[in-house]
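This is what each chain is made of:
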Amino acid sequence: MQRLLRILRLVQKEFLALLRDKKSRMVLIVPPTVQLLVFSYAATFDLNNISYAVWNEDTGRYSRQLLARFSGSPNFKLAGTITHEQEVAPLMNNRKVLLVIHIRSDFSRNLLSSTPAMVEVLLDGRQSNTAMILLGYVETIVSNYTTEIASERGIPPPIAPITLRAWYNPNLKSRWFIVPGIVGLLTLVVTLLVTALSVAREREEGTFDQLLVTPLTPFDIILGKVLPGFAIGMVEATGIIVLAVLIFHIPLRGSVGALYLGLFLFILSGLGVGLMISSLVSTQQQGLLGAFLFLVPSIILSGFATPIANMPTFIQNLTLLNPLRYFMVILREVFLQGAGVSILLPEYAALLAIGVSALLLAGYFFRRKLG
Amino acid sequence: MAPIPKSHPMADLTSPEALISANGLTKTFPSPRGTLTALDNITFSLKEGSITGLIGPDGAGKTTLMRLLAGLLLPDSGEIRIMGNNPSRDPLSVQGSIGYMPQKFGLYEDLSVQENLDLYADLQGVPRNRRKELYAPLLSMTALSPFGKRLAGQLSGGMKQKLGVACSLVHQPPILLLDEPTVGVDPVSRRELWEILRKLVRESRSTLFVSTSYLDEAERCDEILILYNGKILGSGTPESFRKEVAGHGYRAETPGQSPRIVEPTLSLLPGVVDTVLEGSTIRIVMGGDTPPTFSESLGEIILKSVPPRFEDAFMSRIKKITNATPKLISIDRLYPRQSRNKNNKNGSPYAIEVENLVRDFGSFRAVDNLSFHVRKGEVFGLLGANGAGKTTTFRILSGLLAPTGGKLVVAGENVRRAAAHARQSIGYMAQKFSLYSQLTVFQNLTFYSSAYGLSGTQQKEKIQDSLIFFELEPYRNVSSGILPLGFRQRLALSCALIHEPSILFLDEPTSGVDPNARREFWHIINALATVGVSVLVTTHFMEEAEYCDRLLIMAQGALLAMGSPSEIKEKTKSPRIPDPSLEDAFVSLLSDFKKTQGDQK
Amino acid sequence: MSQPSVHSSLSSKVNRVRALVYKESLQIVRDPSSLAIAFVLPFVLLLIFGYGVSLDASHVPIAIVQDSRTPASEGFIASLRNSRWFTPRPYPDIHDAIDALKRQDVEGILWLRENFGRGIESFHNAPIHVVVDGVDDNTARLVEGYLNNTWQTWLTLRNQRERLASRLPIELQARIWFNPDNRSRDFLIPGLIAVIMTLIGALLTALVIAREWERGTMESLFVTPVSIGEILIGKFIPYFVLGMSGMALSVLMSHFLFEVPLRGSIFALTITSSLFLTSALGMGLLISTAAKNQFVAGQIAIVFTFLPAFILSGFIFDIHSMPSLIQAITHIIPASYFVTILQSVFLAGDIPGVIIPNSVALALFSVFLFALIRRISRKRIE
């Protein structure tokens, strides 16, 4: 009872130290909000307003019809019309356009005479991902038009088209993929910053020694650091989840319980890593560098933006140590796939294992540093 | 940025031959609690070819003044002239003629001694062909010649300080400004530095302006400028200051009674300006020529007249402006009776027992087979040069570091086994007054009292008592980070005492603080000792050492000398120094030790 | 009133700068942390990114469900097996395949219906159903694109083999310039170099000046005849050299380890990198002039330089895809210009129309930053 009260006071002190200072209050509130908004809008693979040029040598009505499909699409923006091949290179090289649509002079004639009519597109491959997505858009427009022509002229559609169904995200919206990921990313940043720097700050101010000479045990002190981190992580994550649902309309299909169980375990492991960094460094600056050095690879290797499956096997094995990797799965499965607790058991187990071992290691390092 | 003041006609008032002069200098800084006046209408001039000491406690405005002179700050108003130039308007031409050493010595720690010198020589435009002849005297004077290749970061504090001086001298400036060169440095190194400065003035007729918070260093200057709360409190030679209080000083012996108990009463007698413990005696300074008179109830007091010193004059002046009388400590309020009884529950007469203590860091033995005992109610000092192992010992005793070997009993508990339990009876106050700067005074007290297990009404009463006792009530809801230094120290002490510990650990508790605040602080410590609290102090600061019942001087991790301040002084009495001060004793003990070490090698 | 000082002559200026540069270089060599930031950081980051970040999938596991086996369906599956994009895994029926998709054993399902063979023979719809996991929209789209591609190629080949006249009214022929294999690594790595250079330039300098303030050495420098400009140049030169070395290391790694083509000239690369590094160093110097302690400087450097360079430079996320407000913001991020330049210089060659305007933007940034630093820094403590 007595002990509980002491720990309670430690937690209270930690909160006061964090929240009484205007600067650290700002650090906890402003960057996550701004980052959520900016990243969510900026981090998308969907393309809009793609500048393209038209090189139309055909004078028939079919080419005009096809091109009208492009100029009518919100994804495309006509940036110029050219008449010679020499004009292509300057436009592409200088990035005036990402796409040139070339229609030969025999296009309409061939269509009428049932000879294959050729549409040639040139794409800027400097951003290969953009090029790939762009090509997909072009293919959709062209094949839709082809089907129309075919039915108009009473012939069956020429190729067996592939009918695609995308589960969970039928319109393939990037935001549905990115925003749940940002929940995990920002939660990690906040929990890590709260813990990785707090012990170092106490060391620099000399209050850590003052704590150690009190009857508080190292366990109490660690608990006193962990609990506020938990509370802050939980509150911030909840805020971000609410924003994700309300502002970005990300469907939350799964059980909130499953999400929060994951969040709880994830924060546990984040705090463990933060405390581990904390126990190894002696200044706030080192703590900052340590947190940074952990954050960057763990974001890259989490599957946040790029799939883990694309990585070489060695790197894939490395990601098994990354708590964010598991939380990404939990977030996306709960948000989009409506997963419940039972499906996510392996992820929970992994997070728990990482969290517990990080906390044990942190405890060990603390004791060794004091020894 | 403050507007540059228009040229003052007053500049003519200052004597033209003065190398440095300042007229009506005022400087303020914005602070969370309104504007802070660091310097308030300062006027002075320095004599050429002499050492002028700028004396004052921390926060008096010393660093601000130094930086103004070096052209690093602009004054709000007033004017400075250095060799006819104004550093506020034309810093470059002033900076060419001054050498300046900032508080942290301004050295590049990852550059070697030689590289630091070369850098400053290059920056000051010292021609390469003249360097050899310039370096030679600098290096021999500072005894750094053998260490040319060593990185500055690996030098001891004393050597860093000498290198800092050497670097500020590479371009042979006629004026040298040193900002607290001796802070955090042991007395031996401090003495060596003063010898270097003396030599500099003697041989090259340089003009030195040295700031310090150590009052005893004032005696080593030619001229003194006292700065107190941003105002000049006096100036003159040490001699002139001493003359003011000649015949006012006495040394009282109180046979049969602890001077600790008598001293607070003496300090309140009419006419008494200052009382200070010096080992087993009390130094008394009177406001005039009349000796103090004692009532019978005080018991036997033997009074001897003593020669005046600078500190007496300093205290007399401060007393005139502050008018504060030290309160009589009612320790019963702070330390209720039960805690006294608690201290005596086990039979041992000792609070701390150390036997054959050893601590290794890798292959380096920081503490080497140290044994000593601290009695209950004793004030025990741990002294030593930088790196002698006293900080390590201190940290082991307070439970922050585990010993490699030896037996250690603190408050009747074997620290190696029952650390958490032993901590309940320990109070600890670090040098930096470790408090949560974002938390208010009240929140700090609440937190520490809870950490020691206080709760409910008991806790509320205890906090209220502490606020009243340490006169912190008006600051109750102020963040501790922006408290004035003296109040920060009080708060740190009240946090360390909140659980009524039977042993108190203090690390340079009053270094740099206002002498008035230091006296108040020691009154409290003395009162604690009289009710049976044991106090362990580690310090570089001889005035603090004088408050101790017994001292332990360490060298290279081992015990060099132990005894009361008088016994230690007695040990080093010689025909050359018939009445050694504690610092004399300390320095001579250490130099003897070094000699025997050298002989052994 | 001030005597014409010897300190203002050019040779003494040069001497002082040389001394500062020498001092800084010694500190860099002796302090492993700055060497680590300059060399180990790019090395590790390039390795992690180079191997870890790839947007194009290869050997995507895909479930195959055949309602009936026909030569045509077997032929199509064989062509899938031969493509580097897919690893087909047969499942006996659609329910098993759906379970596999849910377990994320496969990224998609290719379902060849009962009438697959007949459908092709008769040029009717050959019912191919594709189900993908849409959570990762990018991968989903890639799988769709790859499948379409394979399907069309197979169909064309089959038609040629069987000497069937193609009855397609319109054929689409796509050519991807600059990166015909469409390897995402080739565009990610040049962008990554820009991010790393931002980190080296800004973080390193932001910390070193703040360090001088913390250790009190700035105060001693200020009382020497050194001018603010000289101190800045003394900081700039060594870190410029260090940054360019880090750049060289990154370029070598990307070319030889990750086999990114370098179609432009080393000359253009050097000039543009110098300009970018100047602006990155300028940002670092600005941050540390404003924030006089390492902790704050480090935080600002990460929040205001590294993260924007990461998200808003067009390095992973195409600026074209962003809302116009955010596109406007990218204009004040030097890294976005450098990413554009690097992607062109590596993949397309020296294209004046890309290099010149973006270089001018970088140069303007540098000038602006240094003018600002010069304006706000005083040789005073306040």
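**Remarks on the overall build of chain C**
The secondary structure content of chain C amounts to 14 helices and five strands. Looking at chain C as a whole, 61% of its 382 residues are labelled buried. Considering only contacts in chain C between residues 6 or more positions apart, those separated by 24 or more positions represent 78%. Approximately 15,000 Å² of chain C is accessible, and the part contributed by carbon and sulfur atoms is 63%.

**A word on the side chain of Thr150 of chain C**
Residues and elements named next belong to chain C. Inspection of the secondary structure assignment puts Thr150 in helix H6 (residues 137-161). Judged by relative accessible area, which is 8%, Thr150 ranks as buried. Excluding its chain neighbours within four sequence positions, the residues that come into contact with Thr150 are Phe76, Ser79, Leu80, Trp85 and Phe86.

**With respect to the confidence of the model for chain C**
Mean pLDDT for chain C: 81, with 88% of residues reaching 70 or above. Below a pLDDT of 50 lies the segment residues 1-5 of chain C, which in the model reaches seven contacts outside its immediate sequence neighbourhood of four places, other chains included.

**Focus on the side chain of Glu546 of chain B**
Residues and elements named next belong to chain B. As for its placement among the helices and strands, Glu546 is situated in the loop between helix H18 (542-545) and strand S22 (550-555). On the basis of relative accessibility, which here comes to 10%, the residue Glu546 falls in the buried class. Setting aside its immediate chain neighbours within four residues, Glu546 contacts Leu277, Glu278, Gly279, Pro565, Lys569 and Leu582.

**Considering the confidence of the model for chain B**
For chain B, per-residue confidence averages 84 on the pLDDT scale, and residues scoring 70 or more make up 92% of the total. Across residues 1-16 of chain B, where pLDDT falls below 50, the model places 19 contacts with residues more than four positions away in sequence or in other chains.

**Brief notes about the domain arrangement of chain C**
For chain C, the domain assignment lists domain 1 (6-53 + 183-376) and domain 2 (60-161). Taking only C-alpha atoms into account, the centre of domain 1 of chain C sits 48 Å from that of domain 2 of chain C.

**A few points about the packing of helix H1 (residues 10-30) of chain C against helix H9 (residues 228-257) of chain C**
When two helices pack together, their arrangement is given by the angle between their axes and by how far apart the axes lie. All names here are of chain C. Axis separation between H1 and H9 bottoms out at 8 Å; the angle between their running directions is 45°. Between H1 and H9, the angle is such that the two are oblique. As H1 packs across H9, the resulting crossing turns out to be right-handed. Across the interface between the two elements, Lys13, Arg16, Val17, Leu20, Val21, Lys23, Glu24, Ser25 and Ile28 from H1 touch Glu230, Ile231, Ile233, Gly234, Lys235, Ile237, Pro238, Tyr239 and Leu242 from H9. Residues belonging to the contact of H1 with H9 are distributed by class as follows: ten nonpolar, two polar and six charged.

**With respect to the domain arrangement of chain B**
Residues and elements named next belong to chain B. When its domains are assigned, chain B resolves into domain 1 (9-241), domain 2 (245-324) and domain 3 (376-390 + 420-596). Taking the mean C-alpha position of each, domain 1 and domain 3 sit 31 Å from one another. Tallying the contact residues gives 19 residues for domain 1 and 22 residues for domain 3. Ionic pairing is found between Glu583 and Arg190, a salt bridge with its closest N-O pair at 3.8 Å. Inspection of the region where domain 1 meets domain 3 yields three residue pairs in polar contact (both at pLDDT 80 or more). Elements with a contribution of two residues or more to the side of domain 1 that touches domain 3: helix H5 (157-169) and helix H6 (187-204). Among the elements that make up the side of domain 1 that touches domain 3, the one with the highest residue count is H6 (four residues). Here the side of domain 1 that touches domain 3 is composed, by residue class, of eight nonpolar, four polar and seven charged.

**Looking at the pattern of salt bridges**
All names here are of chain C. All told, the structure shown has 54 salt bridges over all chains when counted by the stated rule. The salt bridge involving Lys23 is made with Glu212; its shortest N-O contact spans 2.7 Å. Taken together, the residues Lys23 in helix H1 and Glu212 in helix H7 (residues 184-215) connect sequence positions 189 residues apart. As far as burial versus exposure is concerned, Lys23 and Glu212 are alike and both buried. Across the salt bridge formed by Glu24 and Lys235, the nearest N and O atoms sit 2.7 Å from each other. Of this pair, Glu24 sits in helix H1 while Lys235 sits in helix H9, placing them 211 residues apart in sequence. Neither Glu24 nor Lys235 differs from the other in exposure class; each is buried.

**Focus: the sheet that holds strand S13 (residues 302-305) of chain B**
All names here are of chain B. In space, the four strands of this open sheet follow the order S11-S12-S10-S13, with antiparallel pairing throughout. Each having just a single partner strand, strand S11 (272-278) and S13 make up the two edges of the open sheet. Sheet twist, expressed as the mean angle between neighbouring strand axes with direction ignored, is 25°. Across six bridges, S11 lies against strand S12 (residues 281-286) in antiparallel orientation. Counterpart to Val276 in the pairing with S12 is Arg283. Strand contacts of helix H9 (residues 310-322): S11 and S12, with the helix running at about 135° to S11, the strand carrying the most contacts.

**Points about the environment of Arg283 of chain B**
Residue and element names in this part refer to chain B. Summarising the element assignment, Arg283 is placed in strand S12. Given the relative accessible area of 6%, Arg283 is considered buried. Expressed as a C-alpha distance, the spacing of Arg283 and Ala252, which sit 31 residues apart in the sequence, is 6.3 Å. What Arg283 contacts, discounting residues up to four positions off in sequence, is Tyr250, Asp274, Thr275, Val276, Glu278, Val306, Pro307, Pro308, Arg309 and Asp312. In terms of polar contacts, Arg283 uses its side chain to reach the backbone carbonyl oxygen of Pro307, at 3.2 Å.

**What to know about the interface of chain C and chain B**
On the chain B side, the residues contacting the 32 residues of chain C number 35 residues. Of the roughly 3,100 Å² buried where chain C meets chain B, counting both sides, 58% is carbon and sulfur surface. Joining chain C to chain B, the criterion identifies two salt bridges. A salt bridge links Arg67 of chain B to Glu219 of chain C; its shortest N-O distance comes to 2.9 Å. Connecting chain C to chain B are nine residue pairs in polar contact (both at pLDDT 80 or more). Ranked by residue count, the leading element in the side of chain C that touches chain B is H1 of chain C, at nine residues. Here the side of chain C that touches chain B is composed, by residue class, of eleven nonpolar, eight polar and 13 charged.

**Details of the interface of chain C and chain A**
Every contact between the two is made by 90 residues of chain C and, on the other side, 90 residues of chain A. Summed over both partners, the interface of chain C with chain A buries about 8,500 Å², with 67% contributed by carbon and sulfur atoms. Across the contact surface, chain C and chain A share zero salt bridges. Linking chain C with chain A are zero residue pairs in polar contact (both at pLDDT 80 or more). For the side of chain C that touches chain A, the leading source of residues is H6 of chain C, giving 13 residues. In the side of chain C that touches chain A, the residues fall into 51 nonpolar, 26 polar and 13 charged.

Criteria and cut-off values
- Residue positions are given per chain, counted from 1 along the sequence in the order it is written.
- Numbering of ligands from 1 and lettering of chains from A proceed in the order in which they are written.
- A pLDDT threshold of at least 70 governs which residues receive local features in this predicted model, and a stricter bar of 80 or more applies before side-chain atom pairs are shown or counted, although totals over entire chains, interfaces and linings include all residues.
- Note that the side-chain values use all heavy atoms of the structure and ignore hydrogens as well as water.
- Here a strand is any run of E in DSSP of at least two residues, a helix any run of H or I of at least four, and the numbering for each starts at the N terminus.
- Relative accessibility thresholds used throughout: buried, under 20% of the residue-type maximum; exposed, over 50%; partly exposed, between the two (1.4 Å probe, protein chains only).
- Here, two residues are considered to be in contact whenever any of their heavy atoms come within 4.5 Å of each other.
- Residue exposure ignores everything except the shown protein chains as possible cover, and the areas themselves are Shrake-Rupley values with a 1.4 Å probe.
- Confidence of the predictor at the level of single residues is captured by pLDDT, which takes values from 0 to 100.
- Note that the domain bounds reflect an automated or database-derived domain assignment.
- The axes are straight lines fitted to the C-alpha atoms, using for helices just the contacting stretch, and the angles between their N-to-C directions are given from 0 to 180°.
- In what follows, roughly perpendicular refers to angles from 65 to 115 degrees, roughly parallel to angles under 35, roughly antiparallel to angles over 145, and oblique to any angle outside these ranges.
- Two helices crossing with the near one rotated counterclockwise from the far one by less than a right angle form a left-handed crossing, whereas a clockwise rotation gives a right-handed crossing.
- Amino acids outside the nonpolar list (Ala, Val, Leu, Ile, Met, Phe, Trp, Tyr, Cys, Pro) and the charged list (Asp, Glu, Lys, Arg) are all regarded as polar, and Gly is one of them.
- Salt bridges, as used here, are contacts in which a Lys or Arg side-chain nitrogen is within 4 Å of a carboxyl oxygen on Asp or Glu.
- Side-chain atoms alone can form a polar contact between residues adjacent in sequence; in general such a contact is a pair of N or O atoms within 3.5 Å, and within protein one must be able to donate a hydrogen while the other accepts it.
- In this description, strands pair whenever DSSP reports at least two bridges between them.
- Throughout, the accessible surface (probe 1.4 Å) given up by two parts as they are put together, summed over both, is called the buried area.

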